[in-house]
Amino acid sequence: MSRLRLTLACWDYDRTRALADGRVRPEGIDLNLLPLEVEETFFRMLRGREFDASEMSLSSYCVSLQREDPAFIAIPVFPSRFFRHSCIFVSRKSGIREPKDLVGKRIGVPEYQMTAPVWIRGILADEYGVDPASVGYFTGGEEEPGRDEKLKLDLPPQFRVTPIPPDKTLSAMLAEGEIDALHTARTPSTFYSRPDEVRRLFPDFVPVEKAYYRRTGLFPIMHVIALRRDAYLQNRWIARSLYKAFVEAQKVAYDNLRVTSAMISMLPWQVAAVEEAVTELGADWWPYGVQENRTVLDTFLRYHHEQGLSKRRLQVEELFAPETFEAFKI
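Residues numbered from 1 in each chain as written. Predicted model: local features only at pLDDT ≥ 70, side-chain atom pairs only at ≥ 80, totals over all residues. Heavy atoms only, no water.

Visitor: Now, about the overall build of the protein chain: what can you tell me, with residues and values included?
Guide: Across its full length, the protein chain carries 11 helices and 11 strands. Relative to a compact globule of 330 residues, whose C-alpha radius of gyration would be 20 Å, the protein chain shows 20 Å and is just as compact. By principal-axis analysis of the C-alpha atoms, the protein chain measures approximately 65 × 50 × 35 Å. For the protein chain, buried positions account for 52% of its 330 residues. At a minimum sequence separation of 6, the contacts of the protein chain that also span at least 24 residues come to 79%. As displayed, the protein chain has an accessible area near 15600 Å², and 53% of this comes from carbon and sulfur atoms. (Helix = DSSP H or I, 4+ residues; strand = E, 2+ residues; numbered from the N terminus. Rg over C-alpha atoms; globule rule 2.2 N^0.38 Å. Buried < 20%, exposed > 50% of the residue type's maximum accessible area, 1.4 Å probe, protein only. Contact = heavy atoms within 4.5 Å. Areas by Shrake-Rupley, 256 points an atom, 1.4 Å probe, with all protein chains shown as cover.)

So, in structure tokens, the structure goes:
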């Protein structure tokens, strides 16, 4: 029997590897999986719509939904989640010692619309009273000059966003004190090469992030899986088929991490890390699905609206293909 051939761009995660090597096959689909790094995947999908489906920044996806003819529709699979307190870097020259010191400062962000900075700004506002409009933002390449926003933004005037010079990088500007702090997804190279000039705002970030989760119950979602809407409309069944396959592939990763006779990763204390994750977040510590993630998604959509990235507050139901909201029961 012929199967529908689809190309999916997604990084090489443990939770997707069974899809890549064929141990898990989506029903009715021959999947061509391209293990691209996330920046390349996002750029090529958002600018050129090159793939049938791809991993996508949750924030950029929400921006895309507000276009007159939205190009994508997502399924509630979240290949990337990340507590982001560790991703606020400050320049020694800035004098920043605690979150409130960020007010009035110059903050670098590779892109204002990036999901990681959306979460960081929201956390700083909710937890520490740092209004997202109380700082100036400077956008551009973190390690390479010339980066710009993947999708054009139309922000309210209270958010001051300025591109950095075309020959500059945020990583170097942070070390030189040309910006005071950096909200980012990738650790800047100058954190390692110039440790006397660049440090984390929360050096001992793990206890801070655990306390945040215990207080809020939020494990921030970074990425979704987005389908090109034209491909979805031609065969709406692919949304449920892909969702089921991602769930099955994730189960393989869960099972592998729980094996103690030999470790699947090179982390020397993997067993302890798994047991700690279960204790802190539960047996399904990385849940897929809409209902299981309603609170974290709704929080993100509030941040997205408060920070001027969405003209109105989107609802969780608007994000995902309706075929993924419920399943048959026997």
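Visitor: Describe the layout of surface pockets, with residues and values.
Guide: For the second largest pocket, the calculated volume is near 150 Å³. Around the second largest pocket, the lining is made up of 13 residues, and of these Arg81, Tyr213, Gly217, Pro287 and Glu292 lie nearest the centre. Its residues placed into classes, the lining of the second largest pocket shows 7 nonpolar, 3 polar and 3 charged. (1 Å grid on protein atoms, 1.4 Å probe; cavity = no way out; pocket = protein on both sides within 12 Å on 5 of 7 lines; lining within 4 Å. Points joined across faces, edges and corners; volume = space filled by probe spheres on them. Nonpolar A, V, L, I, M, F, W, Y, C, P; charged D, E, K, R; others polar.)

Visitor: Now, about empty space enclosed by the protein: what can you tell me, with residues and values included?
Guide: A full pass over the atoms with the stated rule returns 1 cavity of 30 Å³ or more. Size it by volume and the largest cavity reaches roughly 50 Å³. Lining the largest cavity, in full, are Leu102, Ile107, Arg121, Leu124, Val130, Asp131, Pro132, Val135, Tyr137 and His183. Broken down by class, the residue content of the lining of the largest cavity amounts to 7 nonpolar, 1 polar and 2 charged.

Visitor: Talk me through the sheet that holds strand β6 (residues 106-109); I want residue IDs and the actual numbers.
Guide: Read across the open sheet, the 6 strands follow the order β8-β7-β6-β9-β5-β10; overall the sheet is mixed. One side of each edge strand has no neighbouring strand; the edge strands of this open sheet are β8 (160-163) and β10 (198-200). Ignoring which end each strand starts from, the neighbouring axes of this sheet average 30 degrees apart. Judged from the 4 bridges that link them, strand β7 (residues 136-139) and β8 form a sheet pairing that is parallel. For Gly136, the partnering residue across the bridge sits in β8 and is Arg160. Sheet contacts for helix α4 (residues 115-128): β5 (88-91), β6, β7 and β9 (181-183); angle to β9, the most-contacted strand, approximately 115 degrees. (Pairing = 2+ DSSP bridges. Axes fitted to C-alpha atoms, helices over the stretch in contact; angles between N-to-C directions.)

Visitor: Could you give me a rundown of the side chain of Gln307, with the residues and numbers involved?
Guide: Within the element layout of this structure, Gln307 appears in the segment after α11 (294-306). When its relative accessible area of 1% is taken as the criterion, Gln307 is described as buried. Ignoring anything within four residues of it in the chain, the contact list for Gln307 reads Tyr112, Pro117, Val118, Arg121, Gly122, Pro132, Leu155 and Phe159.

Visitor: Quick rundown of the pairing of β5? Include the residues and the values.
Guide: Residues Ile88 and Val90 line one face of β5 and the alternating positions Phe89 and Ser91 line the opposite face, and both faces are buried. Relative to β10, β5 is paired through 3 bridges, and the arrangement is antiparallel. Bridging from a neighbouring strand, Phe89 pairs with Arg200 of β10.

Visitor: Explain the nonpolar core residue by residue, including any values.
Guide: Core analysis: the biggest nonpolar cluster contains 91 residues, and Tyr61, Ile75, Leu227, Leu297 and Phe320 have the highest contact counts within it. Tallying contributions element by element places helix α9 (residues 237-257) first for this core, with 9 residues. With residues near it in sequence (within four places) discarded, Phe320 still touches Ile73, Ala74, Ile75, Pro76, Phe78, Val224, Val290, Leu297 and Phe325. (Core = buried A, V, L, I, M, F, W, Y, C linked by side-chain atoms within 4.5 Å.)

Visitor: Now, about the sheet that holds strand β1 (residues 4-9): what can you tell me, with residues and values included?
Guide: Here 5 strands make up an open sheet; going across it, the order is β2-β1-β3-β11-β4 and the pairing mixed. Each of the sheet's edge strands pairs with one partner strand only, and the pair in question is β2 (29-34) and β4 (72-75). If you compare each strand with its neighbour and ignore which way they point, the axes differ by 35 degrees on average. Bridge analysis of β1 against strand β3 (residues 53-57) gives 2 bridges, and the strand direction is parallel. Counterpart to Ala9 in the pairing with β3 is Ser54.

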